[in-house]
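These are the residues of each chain, in order.
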Amino acid sequence: MSKVFGDHAERYTNFAENSGPNAHYDRPAILRLAGDLAGKRVLELGSAGGGLTEHLAAAGADVLGLDHDPRLVEIASNRLGSRARFETADLNEPLTMVPNTAADLVVASLVLHYVADWAPLLAELRRCLKPGGALVFSIHHPITGWLRSDGTDYHRVELISEDWDWNGVTVTGHMYRRPVSAVFTALLEAGFKIDAVEEPQPTPGVEDPKLAEILRGQPVFLFVRAVR
């Protein structure tokens, strides 16, 4: 997992709250694909500072949020109080804090691209989900990842980097880009059925006209709903 989020925990939490890609692109699409959340048991991967968790809980979900960084878990816990639970977890390791078939829904917003090998994690998520439960996730779009690679082999999974401006501070994130086939083959091999694939438009409210144009006209994130 990328350390940059923990190293800039407060700054990232404040940035993500209202940034165009988070607030007007990723979050609305994730919530739409999640569907009716009233009374649902939701496992959130990469809960960060609790920005998405806030919406999940407000919609009536019983949320357990997992994040790799203790400082982000602390921020989210302070923010949500008794309205959600949070624990530190490494997504490369078994999720021992989650019983079998304990979740109606797994939400993974912009986190799976920090995991090199999806097979063990997807097996764990299938174990955690009840039959008929769903995994809803977003990742950086494979096309965008390819453009940030060295361009020598589209078919491999490889580590790439990207610079972000978080409220005036430039940080560098490292993530794994993978071809489209690797995304969906991994899901199918893990026993999931693909239920929806989206490349949405942003909702109104993106203040930066250049960013709004990018979100409307370029591949930025890819959204998937897969059913156990």
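Note that the structure is predicted; figures quoted are calculated from it, not measured.

Engineer: Quick one: what's the story with unusual backbone geometry, residue by residue and with numbers?
Structural biologist: Phi angles above zero are rare outside glycine, and L110 is one such case at about 55°. Following the sequence through the fold, L110 ends up in the loop between strand 4 (103-109) and helix 6 (118-128). A positive phi angle, close to 50°, is found at N167, a residue other than glycine. Relative to the helices and strands, N167 resides in the loop between strand 6 (158-166) and strand 7 (169-177). For N167, a relative accessible area of 49% translates into the label partly exposed.

Engineer: Got a sec to walk through the environment of R178? Specific residues and values, please.
Structural biologist: Mapping R178 onto the fold places it in the loop between strand 7 and helix 8 (180-189). R178 sits 20 residues away from E158 along the chain, and the two C-alpha atoms are 6.8 Å apart. Excluding anything up to four places from it in sequence, R178 contacts L112, V115, A116, W118, P142, R156, V157 and V183. Within the structure, R178 has its side chain in polar contact with the backbone oxygen of A116 (distance 3.4 Å).

Engineer: Summarise the nonpolar core; cite the residues concerned and give the values.
Structural biologist: Among the nonpolar cores identified, the biggest contains 32 residues, and L43, L125 and F137 are the most heavily contacted of them. Counting only elements with at least two residues in this core, the list comes to strand 1 (41-45), strand 2 (62-67), strand 4, helix 6, strand 5 (129-140), helix 8 and strand 9 (221-227). Looking at this core, the element that brings in the most residues is helix 6, giving five residues. Listed in part, the 30 residues of the second largest apolar core include A61, L105, V220 and V227.

Engineer: Can you break down the pattern of salt bridges residue by residue, with the values?
Structural biologist: Considering all chains together, one arrives at 15 salt bridges under this definition. In this structure, K130 and D104 form a salt bridge, with 2.8 Å as the shortest nitrogen-oxygen distance. On the criterion of sequence distance, the pair formed by K130 in strand 5 and D104 in strand 4 is long-range, its members being 26 residues apart. Look at D104 and you get buried, because its relative accessible area is 11%. Salt-bridge contacts for E158 lead to R156; the nearest nitrogen and oxygen are separated by 3.0 Å. One network of salt bridges, with partners in common, ties together E17, E54, R79 and R83.

Engineer: I'd like a rundown of the sheet that holds strand 5, residues and numbers included.
Structural biologist: Taken together, seven strands build an open sheet; the order of strands is 3-2-1-4-5-9-8 and the sheet is mixed. The strands lining the two open edges of the sheet, one partner per strand, are strand 3 (85-88) and strand 8 (193-198). Going from strand to strand, the sheet's axes swing by 15° on average, the running direction of each strand aside. Where strand 1 meets strand 4, four bridges bridge the pair, whose relative direction is parallel. Bridge pairing in strand 4 places L45 opposite A108.

Engineer: Let's hear about the packing of aromatic side chains: which residues, and what values?
Structural biologist: Enumeration according to the criterion identifies eight aromatic pairs in this entry. Taken together, a centroid distance of 5.3 Å and an interplanar angle of 45° make the contact between Y25 and F221 tilted. Taken together, the residues Y25 in helix 3 (residues 20-34) and F221 in strand 9 connect sequence positions 196 residues apart. Residue classification places F221 among the buried positions, given a relative accessible area of 6%.

Engineer: Residue-level account of the side chain of N22, with values.
Structural biologist: Tracing the backbone shows N22 in helix 3. At a separation of 2.5 Å, a polar atom in the side chain of N22 contacts the side chain of S19. Apart from the residues lying within four places of it in its own chain, the contact partners of N22 are Y12, F15, A16, R27, P28 and L110.

Conventions adopted
- Residues numbered from 1 in each chain as written.
- Predicted model: local features only at pLDDT ≥ 70, side-chain atom pairs only at ≥ 80, totals over all residues.
- Heavy atoms only, no water.
- Helix = DSSP H or I, 4+ residues; strand = E, 2+ residues; numbered from the N terminus.
- Buried < 20%, exposed > 50% of the residue type's maximum accessible area, 1.4 Å probe, protein only.
- Contact = heavy atoms within 4.5 Å.
- Polar contact = N/O pair within 3.5 Å; in protein donor to acceptor, adjacent residues only side chain to side chain.
- Core = buried A, V, L, I, M, F, W, Y, C linked by side-chain atoms within 4.5 Å.
- Salt bridge = Lys/Arg side-chain N within 4 Å of Asp/Glu carboxyl O.
- Pairing = 2+ DSSP bridges.
- Axes fitted to C-alpha atoms, helices over the stretch in contact; angles between N-to-C directions.
- Phe/Tyr/Trp six-rings, centres within 6.5 Å; stacked < 30°, edge-to-face > 60°.

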